[in-house]
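Summary of the model geometry
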Amino acid sequence: MVLTVRAVACLCLCLTVCQVRGSHIPAEMNRTIQNLLQHYRIPREERYNRKPVFSREPLTGKTESQRVFMGGVLETYEKILGLMLNQLPTPSPVTNQLPNAGAANDAETGGNEDLRPKLNFILKKVHDLRKNEYQEQERLLQNLDALKNIKMENNVVQSKALWELPWLYEEASSLSKAHRQERRRRQAWRAKSHARG
């Protein structure tokens with residue numbers, strides 16, 4: 001429960017940071033997050049304990065790295081929000097109840113009926129952002145995840161890996177060389193533009 005509360009708080013903070021950077025967070029989404037935070041309350045000392053759910057360090061790197069990281073963060077949020085939805089009690093069937101019985105039932109569930117559409121709304125927003133803006137990063141994360149599943153102790157895998165190494169090593173070297181050349185070009189351009197200005 002603390003993890004999910006911390007995740008919602010971090011989502012709210014991340015979305016707020018994005019808003020400051022110039023991105024737009026729809027007002028309805030912001031209100032929905034604030035309403036959810038009223039239900040998923042945690043003590044202040046837990047919320048502000050300097051241990052965020054998601055590290056901010058990857059957001060200080062290059063744009064490509066940031067996008068890969070954010071793709072993973074959005075995927076994690078989808079899982080967290082899905083888990084939060086699954087943890088809600090199933091809606092009880094509508095029956096003919098006495099007027100006071102309904103109020104008592106709402107008090108027992110804590111208004112959980114209201115949480116489901118709100119969580120679904122936030123989940124859809126996160127899913128749509130990930131689907132529309134982070135497809136390439138998702139494929140990269142899947143490919144990186146597949147690397148973990150390589151059976152390294154298998155003789156066939158070891159032999160094939162050795163066979164593929166020259167080509168992959170050459171690719172890695174050329175990517176690194178191209179990156180260094182691009183960096184030098186940018187530095188030269190900056191130096192040239194500063195000399196003019």
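Residues numbered from 1 in each chain as written. Predicted model: local features only at pLDDT ≥ 70, side-chain atom pairs only at ≥ 80, totals over all residues. Heavy atoms only, no water.

Attention now goes to the overall build of the chain. Helices and strands together make up the secondary structure of the chain, namely 8 helices and 0 strands. Helices (α) and strands (β) of the chain occur, in sequence order from the N terminus, as α-α-α-α-α-α-α-α. Expressed as a percentage of the 197 residues in the chain, the buried residues total 23%. For the chain, contacts bridging at least 24 residues in sequence account for 75% of all contacts bridging at least 6. Taken as a whole, the chain presents about 14900 Å² of accessible surface, with 55% of it coming from carbon and sulfur. (Helix = DSSP H or I, 4+ residues; strand = E, 2+ residues; numbered from the N terminus. Buried < 20%, exposed > 50% of the residue type's maximum accessible area, 1.4 Å probe, protein only. Contact = heavy atoms within 4.5 Å. Areas by Shrake-Rupley, 256 points an atom, 1.4 Å probe, with all protein chains shown as cover.)

Formed by 22 residues in total, the largest nonpolar core has its most connected members in Y40, L81, L119 and I122. Listing elements by their share of this core, those giving two or more residues are α2 (27-39), α4 (63-87) and α6 (112-133). (Core = buried A, V, L, I, M, F, W, Y, C linked by side-chain atoms within 4.5 Å.)

With that out of the way, let us pick up the pattern of salt bridges. Within this structure, the stated rule accounts for 6 salt bridges. For K79, the salt bridge is made with E75, and the minimal N-O distance between the two is 3.6 Å. One end of the pair is K79 and the other is E75, both in helix α4 and 4 residues apart, which spans about a single turn. Look at E75 and you get partly exposed, because its relative accessible area is 26%. (Salt bridge = Lys/Arg side-chain N within 4 Å of Asp/Glu carboxyl O.)

For the rest of this paragraph, the subject is a positive patch on the surface. Taken together, K62, K177, R180, R183, R184, R186 and R190 make up a surface patch of like positive charges. For K62, a relative accessible area of 41% translates into the label partly exposed. (Patch = residues over 30% accessible without salt bridge, like charges linked within 9 Å, V, L, I, M, F, W, Y side chains within 5 Å. Lys, Arg positive; Asp, Glu negative; His and termini not counted. Charge placed at Lys NZ, Arg CZ, Asp CG, Glu CD.)

Let us now look at the packing of aromatic side chains. Scanning the entire structure with this criterion turns up 1 aromatic pair. Seen in terms of ring centroids, F54 and Y77 are 5.0 Å apart; in terms of plane orientation they differ by 45°. Their pairing is tilted. One end of the pair, F54, is in the loop between α3 (44-47) and α4; the other, Y77, is in helix α4, with 23 residues separating them in the sequence. In this structure, F54 and Y77 share a single accessibility class: buried. Over the face of the ring belonging to Y134 we find R67, whose NZ or CZ atom lies 4.6 Å from the ring centre. (Phe/Tyr/Trp six-rings, centres within 6.5 Å; stacked < 30°, edge-to-face > 60°. Lys NZ or Arg CZ within 6 Å of the ring centre and 35° of its normal.)

Relative orientation of the contacting elements α4 and helix α7 (residues 135-148) amounts to 85°, with a least axis distance of 9 Å. Our classification of the angle between α4 and α7 gives roughly perpendicular. Residues R67, V68, G71, G72 and E75 of α4 pack against Q137, L140 and L141 of α7. Class assignment of the residues belonging to the contact of α4 with α7 gives a composition of 3 nonpolar, 3 polar and 2 charged. (Axes fitted to C-alpha atoms, helices over the stretch in contact; angles between N-to-C directions. Parallel < 35°, antiparallel > 145°, perpendicular 65-115°, else oblique. Nonpolar A, V, L, I, M, F, W, Y, C, P; charged D, E, K, R; others polar.)

What follows deals with the confidence of the model for the chain. For the chain, the average pLDDT comes to 79, and 76% of its residues sit at 70 or higher. When mean pLDDT is taken per element in the chain, α2 scores highest with 91 and helix α5 (residues 99-109) scores lowest with 43. (pLDDT = per-residue confidence, 0-100.)

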